[in-house]
Amino acid sequence: MEQPAIQFEEGKECPVQIAGTGGGLSFSPVGDMLFMANVENLNQEKIDAWEGKWRTKLFIESEFPAIPLFAIGSENWILEAPCNPTQQEKETPGYCEELYAKDSCQMGAILVDSATHIIKKIKRVELEEMFVERMVMSWNPFRGTGDQYTKSFDDEMFNKKVAEIFKMKSTKEMWTSSW
């Protein structure tokens, strides 16, 4: 029996449980990207910014997968989306190749109020080809089972590395030191 598709609708409760706050990326097996932001203290300014211009960067730390960063509306609101390629590959095998093969890439972006779990805004965000290409290239050595030439991170190690990075740099510092 086929599972019904998950439906996201503005003004309705988010059908997916989101752990913690901030942004998170997921991918379908055909390379579709979904960015979900579970935001605390959500105000009208942030809701309006969601509809504005988005910019993207990658924070690249040696020995670690690149972390996508999204400036939403302006550089006053930046959300990071640490993503473990090893875990993503387990959940949706082949997503990197499918994402890379797309002629143009859009990301579904869903803004959720963390206090009420209500979806406030849904937007399709055009992503630059160079951003997608660099992200996929950065993540490639960190997918699948690691060997002497490539690395991979289990969830515990990935979370530990992310915590170390965020102790060293604020999101704004990550943004200004990225390209």
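I will try to describe carefully the structure that is included in this document. (Residues numbered from 1 in each chain as written. Predicted model: local features only at pLDDT ≥ 70, side-chain atom pairs only at ≥ 80, totals over all residues. Heavy atoms only, no water.)

Side note on the overall build of the chain
Then comes step 1: For the chain, the count of helices and strands is 6 helices and 7 strands.
Then comes step 2: Over its C-alpha atoms the chain spans a radius of gyration of 16 Å, differing by no more than 12% from the 16 Å that the globule rule assigns to 179 residues.
Then comes step 3: Along the first, second and third principal axes, the C-alpha set of the chain runs to 50 × 50 × 35 Å.
Then comes step 4: Going through the 179 residues of the chain one by one, you find that 41% of them count as buried.
Then comes step 5: Contacts in the chain between residues far apart in sequence, at least 24 positions, make up 63% of those at least 6 positions apart.
Then comes step 6: If you average the places of the 19 positive and of the 29 negative side-chain charges in the chain, the two averages end up 5 Å apart. (Helix = DSSP H or I, 4+ residues; strand = E, 2+ residues; numbered from the N terminus. Rg over C-alpha atoms; globule rule 2.2 N^0.38 Å. Buried < 20%, exposed > 50% of the residue type's maximum accessible area, 1.4 Å probe, protein only. Contact = heavy atoms within 4.5 Å. Lys, Arg positive; Asp, Glu negative; His and termini not counted. Charge placed at Lys NZ, Arg CZ, Asp CG, Glu CD.)

What to know about a negative patch on the surface
Then comes step 1: Together, Glu9, Glu10, Glu45, Asp48 and Glu51 make up a negatively charged patch on the protein surface.
Then comes step 2: Positionally, Asp48 belongs in helix α1 (residues 44-50). (Patch = residues over 30% accessible without salt bridge, like charges linked within 9 Å, V, L, I, M, F, W, Y side chains within 5 Å. Areas by Shrake-Rupley, 256 points an atom, 1.4 Å probe, with all protein chains shown as cover. Salt bridge = Lys/Arg side-chain N within 4 Å of Asp/Glu carboxyl O.)

What to know about the pairing of strand β3 (residues 54-59)
Then comes step 1: β3 sits mainly inside the fold: 5 of its 6 residues count as buried.
Then comes step 2: Pairing of β3 with strand β4 (residues 67-72) involves 6 bridges; the strand directions are antiparallel. By the bridge assignment, Lys57 is partnered in β4 with Leu69. (Pairing = 2+ DSSP bridges.)

Considering the sheet that holds β3
Then comes step 1: Here we have 3 strands laid out as an open sheet, ordered β3-β4-β5, and antiparallel in their pairing. Looking at which strands have only one partner, the edges of the open sheet turn out to be β3 and β5 (78-80). Neighbour-to-neighbour, the strand axes of this sheet turn through a mean angle of 25°, independent of strand direction.
Then comes step 2: Packing against the sheet, helix α4 (residues 129-139) makes contact with β3 and β4, and its axis sits at approximately 25° to β3. (Axes fitted to C-alpha atoms, helices over the stretch in contact; angles between N-to-C directions.)

Notes on the nonpolar core
The nonpolar side chains of a soluble globular protein tend to be buried, and buried together.
Then comes step 1: Formed by 33 residues in total, the largest nonpolar core has its most connected members in Leu25, Phe35, Trp50 and Phe70.
Then comes step 2: The element that contributes the greatest number of residues to this core is α4, accounting for 5 residues.
Then comes step 3: Membership of the second largest hydrophobic core comes to 13 residues, among which are Phe153, Val162, Met174 and Trp175. (Core = buried A, V, L, I, M, F, W, Y, C linked by side-chain atoms within 4.5 Å.)

Some thoughts on the pattern of salt bridges
Then comes step 1: In total, this model carries 2 salt bridges according to the counting rule given.
Then comes step 2: Residue Asp32 is joined to Lys102 by a salt bridge in which the shortest nitrogen-to-oxygen separation is 3.1 Å. With Asp32 in the loop between β1 (22-27) and β2 (33-39) and Lys102 in the loop between α3 (95-101) and β6 (105-113), the pair connects residues that are 70 residues apart, well separated along the chain.
Then comes step 3: Given the relative accessible area of 29%, Lys102 is considered partly exposed.

Brief notes about the environment of Met174
Then comes step 1: By the secondary structure assignment, Met174 is in helix α6 (residues 171-176).
Then comes step 2: Judged by relative accessible area, which is 0%, Met174 ranks as buried.
Then comes step 3: Beyond its immediate chain neighbours, meaning those up to four positions away, Met174 contacts Phe59, Ile67, Leu69, Ile165, Phe166 and Lys169.

Things to note about the packing of aromatic side chains
Then comes step 1: Tallied over the full model, the rule gives 12 aromatic pairs.
Then comes step 2: With a centroid separation of 4.8 Å and 80° between ring planes, the pair formed by Trp50 and Trp54 is classed as edge-to-face. Of the two residues, Trp50 and Trp54, both sit in the buried class.
Then comes step 3: Judged by centre distance (5.8 Å) and plane angle (45°), the rings of Trp50 and Trp77 are tilted. With Trp50 in helix α1 and Trp77 in the loop between β4 and β5, the pair connects residues that are 27 residues apart, well separated along the chain. (Phe/Tyr/Trp six-rings, centres within 6.5 Å; stacked < 30°, edge-to-face > 60°.)

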